[in-house]
Amino acid sequence: MAPKPWVPYLLIAPAVLFLGALFLLPLVQTLVLSLQGEGGLSFANYARMLGDLNFADALRNTFLLTLVVVPVQIALALLMATMIARIGAGRDLVLWVWVIPLAISDLAAGLAWLAILQSTGYLNSVLFALGLLDGPTPWLTQETPVVLFIGIALAEIWRATAIVLVILVAGMQLIPKEFGEAAEVFGASPWQRFRRVTLPLLKPSIQSALILRTVLAFEVFAVVYALGGRNFPVLVGEAYVWQGENQNTGVAAAYAALIMLISMLATFVYLRVLRTPREQMA
Amino acid sequence: MNPAMTPVRRLLFWTLVAVLLLWVLLPIWLVAMGAFGGRAAVFQWPKSLLPASLSFDHMAAFLAVEGVANAFLNSVIAAAVTVVLSVALGAPAGYALARYAFRGADAFKLLVLLTRAFPLAILALPLAVGFIRIGLYDSPFGVALMHTVLALPFAVLVTQSLFMGIPRELEEAAWVFGCSPVQAFFRVVMPLALPGLAATAIFAFVISWNEVFAASVLTVRERTLTAYLLAVLSESPLHTRFAGGLLLILPSVLFVFAVRKWLFTVWGISGR
Amino acid sequence: MADILIDRVAKSFGAARALAEVSLQVADGEFVALLGPSGCGKTTLLRIVAGLETASGGRVVIGGRDVGALPPRARGIAMVFQNYAVFPHMTVADNIGFGLRMQKRPVEEVARQVGRAAEMLRISHLLDRWPARLSGGQRQRVAVARALAVQPAVLLMDEPLSNLDALLRLEMRADLKAVLREAGTTTLYVTHDQTEAMGLADRIAVMHGGVIEQIGAPGAIYARPATRFVGGFLGSPPMNFLLCSASGGRAAIGDFALAAPQDGAVMLGLRAEDAVPVGAAEGIPFDVRVVEPMGAHLLLTGAVGDQPLRAIAPPDAAIAPGARIGLRPDPARLSWFDPETGRRLEAA
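The rules behind the values
Residues numbered from 1 in each chain as written. Chains lettered and ligands numbered in written order. Predicted model: local features only at pLDDT ≥ 70, side-chain atom pairs only at ≥ 80, totals over all residues. Heavy atoms only, no water. Helix = DSSP H or I, 4+ residues; strand = E, 2+ residues; numbered from the N terminus. Buried < 20%, exposed > 50% of the residue type's maximum accessible area, 1.4 Å probe, protein only. Contact = heavy atoms within 4.5 Å. Areas by Shrake-Rupley, 256 points an atom, 1.4 Å probe, with all protein chains shown as cover. Lys, Arg positive; Asp, Glu negative; His and termini not counted. Charge placed at Lys NZ, Arg CZ, Asp CG, Glu CD. Pairing = 2+ DSSP bridges. UniProt positions renumbered as here; feature names shortened; annotations may be inferred. Buried area = accessible area lost by both parts, 1.4 Å probe. Salt bridge = Lys/Arg side-chain N within 4 Å of Asp/Glu carboxyl O. Polar contact = N/O pair within 3.5 Å; in protein donor to acceptor, adjacent residues only side chain to side chain. Expected span 1.5 Å × (residues − 1). Bend = angle between axes of the 7 residues up to and from the residue. Axes fitted to C-alpha atoms, helices over the stretch in contact; angles between N-to-C directions. Parallel < 35°, antiparallel > 145°, perpendicular 65-115°, else oblique. Left-handed = near helix turned anticlockwise from the far one by under 90°. Nonpolar A, V, L, I, M, F, W, Y, C, P; charged D, E, K, R; others polar.

A. Focus on the overall build of chain A. What chain A contains, in helices and strands, is 13 helices and 2 strands. In terms of principal-axis extent, the alpha carbons of chain A reach across some 75 × 70 × 35 Å. Within chain A, the fraction of its 282 residues that count as buried is 56%. Long-range pairs, those at least 24 residues apart, make up 70% of the contacts in chain A between residues at least 6 apart in sequence. For chain A, the exposed area adds up to about 12900 Å²; of that, 68% sits on carbon and sulfur atoms. Measuring between centres, the 16 positive side-chain charges of chain A sit 13 Å from its 15 negative side-chain charges.

What follows is the structure, encoded as structure tokens:
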């Protein structure tokens, strides 16, 4: 084909313009909004955010949740992915059921776990049947922060392990079977094979799963609201409240800017720490 | 199945498989019971795993609640527009990345990947300000624009690999045998890419259907289903919440079931 | 029907030169093979003729018409691709009729031409099948039938047989030759397989490093290679090259002397079948290291002095590894090259 050098630019132009207008521009606008004070540039919004009663709790809760949920998800997904590799018949069915939560909204996931954790819910019914409980007991309140935290973490793990699983299974499919077989021939145990062959070769997939999950974990919101309402403050939840109830976009934008900063730092750290040298690429 | 596994280990293995299956399915089953059981089931104590009475009345009652039908409709509109926009904008870009080596391709790809490093839904905050100005605030179309930001990078990356999987020679053969580039695309590339494009579209639909935060920030009256549920969460009875939860879960699970064959192609790529 | 004129066509990708002002003429109805190792520019040249690649300079004239500015569809060509490029979403019949349908020919004519092309390639029984259900050889036949159905002025083929296994390739080669002879289509055929080029082509253009090293009839190129590269690329085992020095019109190899075209350093090109094994004292002294019985002959690998050489011997010859024998060359079938330039030296 006689090359018309403008063709690819024409093809990407709509996407570029769109992302420019609705991704890059709002990114900048967030910063501008957060820095807008009464009379020009100021850190007033940040000061209000830092002085907010819920700020410290929200920051701590978000970090705690991320620190607990993401590693558990990676470990669980790794376990599931290696199990999938060993299932012969029924593999597709098991895999499909395991990835169902992928399709489920965080709000719906929160509601599903609400059915279990509410005071007359299934967890309490089981505890009651076991004689551990005298009657309906509320767990999702400020008086029971540990159970509330565990409940939210469980719901998040339940919902979002699927995406990690899919990324890892897709990554494992790229690893030639011969590597594992070669290791087996040279006498490696299953654990050694996993540790020395699968895991290192899976590093790029683990990296992208970590980035994706961590960024989304800092965004956690609907699961928390469905289960605990405002009993468990998180950063995005506070942004939502400042935007909606308090009608203060400036402080909401300050929260947003903080969340973006944290996400960017996390991505940067993952990219640095889990770097695969080019010459080791499979 | 590893033939070297002993019976005991095999039993353990399959027990673990079963436990994990149950772990995934049980909450869905329980929210469905809550949705179909109505008020009585929610406050039944202690609970049984099987429904005492199963009826669609409670679900129907939920659908009749004021605002629910409209919210459902808004969700469908937002998701449909998201599908159209993300495929219409993403597929050409994916094609360009797959077929042309051009200056700026890397920069464009970086822009697309950059979206990964940010919690995108947060961008709804500044967008709300802009949307009010141009009249897109409180409309499923405004929500769809925001949701397209979420779905577009995904559509670009998936269609890129989709088009890379269609041998260039097929297109060249079409050119040699009388097609213009546009004809070749629609007669040869498009039919072959169609199943993958459909999968991409469905995932875009699910992304929009499930999104809560941006939809809540960008609407007040014309709520999507997620935004509506979130807004009424604190004042609605439990069985209503469960009915809403189930209504959210069902379409997306069915959709993803329909394209399960593509799950790994699609997510595997976007996870790389 | 049309002739092809390739006039000083050049192509570079950035700083890398793929073709350096290549010129070639293909007469109406002629079959020319572009032969060379991978990366020699042969496929690039073919794709420039097809219009799938743009030349950096020069012109391509097909049937008297400069096609440089024309898209592939307007060049009156058909093409067979290395990986067949049979459309997977169309039946065999739809594949073969694709070009005709694009030309908006009447339905009956399309059907007639498809039937004729399918018959030529002996795939009439496959017309309703989907490509996914075909073997590689069958797909190849569909690709050729698709190209012939449009009755192109020029047929371009890019390594069409390279993805077939050896036996199928032999069969397809013979069929291809018969079909193309019957159709009388001007054909430009790219291959890296010298037996394919020798067997099929009226003329062969041997390419190397973006340059055509030699153009000629297969027999002529084989017998009188213009460069050391051509001699080494054609023939199996490849031509042997022995560096020797000549004085007084005689080149000495060990104790053996041959008439040389010039004095000083010269390189003898000797094909394995052009030398007869004789007693050690009667020919070029050859130390045999390995003996491989090939059925039709013995393949001998060894060295003359410290220069490697391959020779053949009758299947029943009693030659053991480690033996020193003599090789008596046929003086009429020797090639001499300038060791510096690699060009052929003609006897004075």
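B. Spotlight on the side chain of glutamine 194 of chain C. Here glutamine 194 of chain C shows up in helix 7 (residues 194–200). If we skip the residues at most four places from it in the chain, glutamine 194 of chain C touches Leu35, Phe233, Leu234, Gly235 and Ser236 of chain C.

C. Spotlight on the pairing of strand 13 (residues 256–259) of chain C. Residue and element names in this part refer to chain C. Here strand 13 shows one buried face, formed by Phe256 and Leu258, and one open face, formed by Ala257 and Ala259. Sheet topology note: the strand 12 (residues 250–253)/strand 13 ladder contains 4 bridges and is antiparallel. Paired with alanine 251 across the strands is leucine 258, a residue of strand 13. Following strand 12, the chain reverses through 2 residues before pairing antiparallel with strand 13; glycine 254 in that reversal takes a positive phi of roughly 60°.

D. Main features of unusual backbone geometry. Proline 237 of chain C follows serine 236 of chain C through a cis peptide bond whose omega is -5°. Along the chain, the position of proline 237 of chain C falls in the loop between helix 9 (228–233) and strand 11 (240–247). Backbone geometry places aspartate 138 of chain B, a non-glycine residue, at a positive phi of 60°. Its place among the elements puts aspartate 138 of chain B in the loop between helix 5 (124–134) and helix 6 (140–164). By relative accessible area, which is 11% here, aspartate 138 of chain B ends up buried. Backbone geometry places alanine 85 of chain C, a non-glycine residue, at a positive phi of 50°. Here alanine 85 of chain C is to be found in the loop between strand 6 (77–80) and helix 2 (92–96).

E. Main features of the UniProt feature "domain: ABC transporter" (unreviewed entry) in chain C. The UniProt record annotates "domain: ABC transporter" (unreviewed entry) at residues 4–234 of chain C. A distance of 25 Å separates the end C-alpha atoms of residues 4–234 of chain C, which is 36% helix and 26% strand.

F. Examining the interface of chain B and chain A more closely. Opposite the 84 residues of chain B that make contact, chain A presents 89 residues. Summed over both sides, the interface of chain B with chain A buries roughly 8000 Å², with 82% coming from carbon and sulfur. It is Trp23, Trp45 and Phe264 of chain B in chain B that bury the most area against chain A; as a group they hold 10% of the surface buried on that side. Run the count over chain B and chain A and you get 0 salt bridges.

G. Structural view of the interface of chain B and chain C. Chain B puts 18 residues into the contact, and the matching count from chain C is 21 residues. Between chain B and chain C lies a buried interface of about 1700 Å² when both sides are counted; carbon and sulfur atoms form 73% of it. Considering only the side of chain B, the residues that lose the most area to chain C are Glu172, Val176 and Phe177 of chain B, jointly responsible for 40% of the buried surface there. At the surface where chain B touches chain C, the tally comes to 1 salt bridge. With a shortest N-O distance of 2.6 Å, arginine 47 of chain C and glutamate 172 of chain B are connected by a salt bridge. Inspection of the chain B/chain C interface yields 4 residue pairs in polar contact (both at pLDDT 80 or more).

H. Examining helix 6 of chain B more closely. Residues and elements named next belong to chain B. Over its 25 residues, helix 6 extends 34 Å from the first C-alpha to the last, a length consistent with the 36 Å expected when each residue adds 1.5 Å. When the local axis directions of helix 6 are compared, the greatest deviation, roughly 40°, occurs at alanine 151, which is followed within four positions by the proline proline 153. With 21 of 25 residues buried, helix 6 lies mostly within the body of the structure. By the N-cap criterion, in which a side-chain oxygen at the helix start approaches the backbone nitrogen of a residue two or three places on, helix 6 is capped by serine 139, the distance to phenylalanine 141 being 2.9 Å.

I. Just the packing of helix 3 (residues 55–86) of chain A against helix 10 (residues 203–217) of chain A, in detail. Residue and element names in this part refer to chain A. Direction vectors running N to C along helix 3 and helix 10 enclose 150°, while the axes themselves pass 10 Å from each other. Comparing their axes, helix 10 and helix 3 come out roughly antiparallel. The hand of the helix 3/helix 10 crossing is right-handed. Along the contact surface, helix 3 presents Thr62, Thr66, Val69, Val70, Gln73 and Ile74, while helix 10 presents Ile206, Ala209, Leu210, Arg213, Thr214 and Ala217. Considering only residue class, the contact of helix 3 with helix 10 consists of 7 nonpolar, 4 polar and 1 charged.

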